[in-house]
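# A closer look at the structure
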Amino acid sequence: MRRISKKIVFAMLILLTGMAAVYFYLKKDGGISTDSSAYTSGAQEALQNVEELIPKKLLKVGVVQVGHESDWRIASTKCCREVFCTENGYQLYFIDADNQPQAQIDAVRSFIREQVDYIVIAPILTTGWDAVLKEAYQVGIPVFLMDRTIDCDPKYYQAWFGSDFVREGECAGQWLQKYLHRKGRDFEQIRIVAINGTPGASAQLGRTEGFAKYVERNKNWVLLAQESGDFTEAGGNQVMERYLSEYTDIDVVLCQNDNEALGACRALDEAGISYGKAGGVIVISFDATSAGLEAVWKGRINADFECNPLAPFYVAGAIQRLASGGALTEKEYNLPEDCFTCEEELMILSFPDVTKKTIPVTREVLNQRVY
């Protein structure tokens, strides 16, 4: 919506009010009206029309992002900028912390000094937030969390919007268990290496915990090693190169995001090792970005478990509810997510509270992807 200057609004106010005054003095038959209600109603209508044109007060929203380490993070930032824009009624204060935890704390304090209306945080680490969130709480600035979770008193933030990272890890574990069963490999020793995300991030902790449940259940699975690739392609490549120099037999590579998986695939290519749909090494990833699903479609990645980056859209809805005097009914909101594979044959992943059906990646699926 195009913004209207105050001068134009003022001129329109004079014009419309004047038209109401004319209506008061002149009747349709050319005589003079003595009905003051005609002027009153005309002026009120004019003022109402002008009020609709006056730009409403923009909500000042401070957003601190983790960084720009991955395609997923870039998609999340893009969503932030598109949602919290002036056209939608927001004045955005955005800070990219470049994966520096202290920079995030400093950013929140700067938002408090700026007296923003709302603060939105995508935290790098789960710890270290108590003091600064208490400061925001004391001055009455509502705080929202998105993507990763934190460890602090829940009263210091309004709500969290993001993924169930433990469930994502469980989905990967259950998929691998069923996939190996279909291949007749239930009793083979399955040697697994993991390329984890940033240590201490809730995504890293949750996915590790969820997948570990299936490692424990399947006694023939052996987790050879797990190291951090910091959610980057370079990190995934470097860790995979080390694994290939240390282990001669690897059956599964579990990467905690698409960028790490793409880096691992490059290391496998350079080593001349087959992998993916037609190869010997099974590659599992998380995030399901366009780049990741492209690799699934080409058969380079076997399975990719979605992590939805569109949390800003849902946070904005919560802010609008609070701004209009409403209240939130929940403290945690999990975003909708799917499981994608390179196999055409469908698979059902079952849990006590939900059932997920895998989605084979096709060109149509890729074309419909928004991130």
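A short tour of the structure in this document, coming up. (Residues numbered from 1 in each chain as written. Predicted model: local features only at pLDDT ≥ 70, side-chain atom pairs only at ≥ 80, totals over all residues. Heavy atoms only, no water.)

The next subject is helix H4 (residues 101–114). Taking 1.5 Å as the rise per residue, H4 with 14 residues should run 20 Å; its terminal C-alpha atoms sit 20 Å apart, in good agreement. Residues of H4 that are buried include every one of Gln104, Ile105, Ala107, Val108, Phe111 and Ile112, and no others. Around the axis of H4, the buried residues are gathered within 160 degrees of arc, so they sit on the same side. Against strand S1 (59–65), strand S2 (90–96), strand S3 (118–121) and helix H5 (130–138) lie the buried residues of H4. Just past H4, the residue Gln115 takes up positive phi, approximately 55 degrees. (Helix = DSSP H or I, 4+ residues; strand = E, 2+ residues; numbered from the N terminus. Expected span 1.5 Å × (residues − 1). Buried < 20%, exposed > 50% of the residue type's maximum accessible area, 1.4 Å probe, protein only. Arc of directions from axis to C-beta. Contact = heavy atoms within 4.5 Å.)

Take empty space enclosed by the protein next. Over the atoms, a rolling probe the size of a water molecule traces out where space has been left empty. What the rule picks out here adds up to one cavity of 30 Å³ or more. Computed from the structure, the largest cavity encloses a volume of approximately 100 Å³. Around the largest cavity sit 13 residues that line it, and Trp72, Arg73, Arg148, Phe231 and Asp287 are the ones nearest its centre. Contributing elements (two or more residues each) for the lining of the largest cavity: helix H3 (71–83) and helix H7 (202–217). Grouping the constituent residues of the lining of the largest cavity by class yields five nonpolar, two polar and six charged. (1 Å grid on protein atoms, 1.4 Å probe; cavity = no way out; pocket = protein on both sides within 12 Å on 5 of 7 lines; lining within 4 Å. Points joined across faces, edges and corners; volume = space filled by probe spheres on them. Nonpolar A, V, L, I, M, F, W, Y, C, P; charged D, E, K, R; others polar.)

Angle between the axes and distance between the axes: these two values describe a pair of packed helices. Running from N to C, H4 and H5 point in directions that differ by 10 degrees, and their axes come no closer than 10 Å. Classified by the angle between their axes, H4 and H5 sit roughly parallel to one another. On the side of H4, the interface is formed by Ile105, Val108, Arg109 and Ile112, while H5 contributes Ala131, Val132, Glu135 and Ala136. A per-class count over the contact of H4 with H5 returns six nonpolar, no polar and two charged. (Axes fitted to C-alpha atoms, helices over the stretch in contact; angles between N-to-C directions. Parallel < 35°, antiparallel > 145°, perpendicular 65-115°, else oblique.)

Here the focus is the nonpolar core. Phe84, Ile119, Ile121, Leu133, Phe144 and Ile319 are the most contacted members of the largest nonpolar core, which has 48 residues in total. Of the residues forming this core, the biggest block, six residues, is contributed by helix H11 (residues 311–323). If we skip the residues at most four places from it in the chain, Ile319 touches Leu59, Val61, Phe84, Tyr90, Tyr118, Val120 and Phe144. Counting 28 residues, the second largest nonpolar core, distinct from the first, contains Val193, Met240, Leu268 and Ile301. (Core = buried A, V, L, I, M, F, W, Y, C linked by side-chain atoms within 4.5 Å.)

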